[in-house]
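Reading the structure
Chain residues, written in single-letter form:
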Amino acid sequence: MKKILILTRSFGMGGTEVALNKLLCRMDRKKYDITLMVIEKYGEMLSRLPDDITVKQIPLKNEKYRMYINYRKMPDSNIKVVIDKLQKAFVKKYYAGKSDESGFYEYILSKSYPLDEKYDVVLDYMGYGGFTTFYGAVSVKAPKKAMWLHDEKIDWLENVKNYMKYYDRFFCVSETVKKQFQKEYPEYASKAQVLYNYMDVDEIVEKSKESIDDDRFNAEYKIVTVGRYATQKGYDYAIKASGILKERNRKFCWYGIGAGGELDEYQKLIDELGVGDCFKFIGKKSNPYPYISNCDLYAQPSRNEGFGLAVFEAKVLGKPVLISDTPCLKEQIRDGENGYVAALDEKAIADCICRIMDNPKDVQRIINNVKSEDMHLDKEIDKLYEYIDC
């Protein structure tokens, strides 16, 4: 039985964490002895892990260093937390370089313990130029090491450029990500491989059948977007497009499902434009599928993505999908064939939504095309097995 160590951050509800959970549930755990090592054993997805997955935290010499790299906004609950946060700010400023944070992560590396146990394969699933890449590179003994690239915007790789040489495979979650990686790091081009995130299609369909207990979700025409309340997801374009639609007397409500630090900023924009009645953030949902299943249009106005899991999920549920003109999302959506593509501009988005609302027959044609696609991703698991076993 081969021993696999998978490195990641924590167990939040983001797309990366959800995709990892689905992968772990699908992997053959009778064939592989899997250990999941995290920066912090925290988050909603922890309870959804298979029982036979061993979960450990990266061993650190002092627990305060975990807060330095947990990517979580910590409340000032006591004086110790406040002091630790001040120390973190000082250390980060002292060790971080002008163009990257490698010095800071190397400092944390010196405050961690390397593993004595040997593994057959190390998978740095987190990627994103974070601490797990440093740790997997030099603190874990294994003949094979792979890291994931989750986003077409890969400037974060600058952090780990001196540690990429320890990895023999770079799994890219879309063709767009792979092309961008090969363009910026041609020396590793031959080691790049597309590996789409695995999602359980049958589970998505089954979960979508659950009822919705939310009085806010009652609009005549429902538009849904799922994603962090962050700049990347383009909620500002969605809010502004809602303002245009309202000016045109369209009857609708756009619902944003997720969580994130920019909620207050977006709420100010909603108030500014007077669209609180037709754009609503309804928070994080452990099961967003009933909302997607019961919407009239799924929209993803992102600035950039890696693959676009929520777009995939909406397609699985047979919904018409509107995306921004983003390369990786266009791998899934072909304008006028199985969905709609609009320029990343509030007017273009609003214009496209109006066309969709005014052409129900065309929408049904799109839906029929989407439903004819084979959405199963089992072959992606086979690609991973091939890497592990060869």
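Quick caveat: nothing in here was measured; it's all calculated off a predicted structure. (Residues numbered from 1 in each chain as written. Predicted model: local features only at pLDDT ≥ 70, side-chain atom pairs only at ≥ 80, totals over all residues. Heavy atoms only, no water.)

**Topic: the packing of aromatic side chains**
For the structure on display, the rule yields 26 aromatic pairs. When the centroid spacing of 4.6 Å and the interplanar angle of 50 degrees are considered together, the rings of F134 and Y163 count as tilted. Remark: Y163 occurs in the loop between strand 5 (144-149) and strand 6 (169-172) and F134 occurs in helix 5 (residues 131-138); sequence separation between them is 29 residues. For the pair formed by F134 and Y163, the shared burial category is buried. (Phe/Tyr/Trp six-rings, centres within 6.5 Å; stacked < 30°, edge-to-face > 60°. Helix = DSSP H or I, 4+ residues; strand = E, 2+ residues; numbered from the N terminus. Buried < 20%, exposed > 50% of the residue type's maximum accessible area, 1.4 Å probe, protein only.)

**Looking at a nonpolar patch on the surface**
Where nonpolar side chains cluster on the molecular surface, the patch consists of F90, Y94 and Y95 and spans about 380 Å² of accessible area. Along the chain, F90 falls in helix 3 (residues 79-95). (Patch = residues over 30% accessible without salt bridge, like charges linked within 9 Å, V, L, I, M, F, W, Y side chains within 5 Å. Areas by Shrake-Rupley, 256 points an atom, 1.4 Å probe, with all protein chains shown as cover. Salt bridge = Lys/Arg side-chain N within 4 Å of Asp/Glu carboxyl O.)

**As for the pairing of strand 10 (residues 279-283)**
Where strand 9 (residues 253-257) lies against strand 10, 4 bridges are found, and the strand directions are parallel. Its bridge partner being in strand 10, G256 is matched across the sheet by F281. Once the chain exits strand 9 it traverses helix 9 (residues 263-273) before rejoining the sheet at strand 10, and the crossover so formed is right-handed. (Pairing = 2+ DSSP bridges. Right-handed = clockwise from strand over helix to strand, strands pointing away.)

**Quick word on the sheet that holds strand 11 (residues 297-300)**
Read across the open sheet, the 6 strands follow the order 10-9-8-11-12-13; overall the sheet is parallel. Of all strands in the sheet, those bounded by a partner on one side alone are strand 10 and strand 13 (340-342). When strand polarity is set aside, the average angle formed by the axes of neighbouring strands in this sheet is 25 degrees. (Axes fitted to C-alpha atoms, helices over the stretch in contact; angles between N-to-C directions.)

**Notes on helix 12 (residues 346-358)**
Its 13 residues give helix 12 an end-to-end C-alpha distance of 18 Å, which sits within 8% of 18 Å, the value for a rise of 1.5 Å per residue. Along helix 12, the positions that sit buried rather than exposed are I349, A350, D351, C352, I353, C354 and I356. Of the residues that open helix 12, the one with a side-chain oxygen 3.0 Å from the backbone nitrogen of K347 is D345. (Expected span 1.5 Å × (residues − 1). Polar contact = N/O pair within 3.5 Å; in protein donor to acceptor, adjacent residues only side chain to side chain.)

**A short note on the sheet that holds strand 1 (residues 2-8)**
If you trace the 7 strands from one edge of the open sheet to the other, you get 3-2-1-4-5-6-7, paired in parallel fashion. Of all the strands in the sheet, the pair left with one neighbour each is strand 3 (54-57) and strand 7 (192-194). Sheet twist, expressed as the average angle between the axes of neighbouring strands with direction ignored, equals 25 degrees. Summarising the sheet, strand 1 and strand 2 (residues 32-38) pair through 7 bridges and their orientation is parallel.

**Considering the packing of helix 8 (residues 235-247) against helix 12**
Where helix 8 meets helix 12, the closest approach of the two axes is 8 Å, and the angle between their N-to-C directions is 55 degrees. Classified by the interaxial angle, the pair formed by helix 8 and helix 12 is oblique. Read as a crossing pair, helix 8 and helix 12 show a hand that is right-handed. From helix 8, Y237, K240, A241, I244 and L245 reach across to helix 12, where they touch E346, K347, I349, A350, I353 and C354. A class-by-class count of the residues in the contact of helix 8 with helix 12 yields 8 nonpolar, no polar and 3 charged. (Parallel < 35°, antiparallel > 145°, perpendicular 65-115°, else oblique. Left-handed = near helix turned anticlockwise from the far one by under 90°. Contact = heavy atoms within 4.5 Å. Nonpolar A, V, L, I, M, F, W, Y, C, P; charged D, E, K, R; others polar.)

**Structural notes on the pattern of salt bridges**
According to the stated counting rule, one finds 26 salt bridges in the structure shown. R26 serves as the salt-bridge partner of D378, at 3.2 Å between the closest nitrogen and oxygen. Of this pair, D378 sits in helix 14 (residues 378-389) while R26 sits in helix 1 (residues 15-26), and the two are 352 residues apart along the sequence. Classification of R26 by relative accessible area gives partly exposed; the value is 31%. Here E44 and K284 are joined by a salt bridge, their closest N and O atoms 2.6 Å apart. Remark: K284 occurs in the loop between strand 10 and helix 10 (289-293) and E44 occurs in the loop between strand 2 and strand 3; sequence separation between them is 240 residues. Of the residues examined, E44 reaches a relative accessible area of 36% and is grouped as partly exposed.

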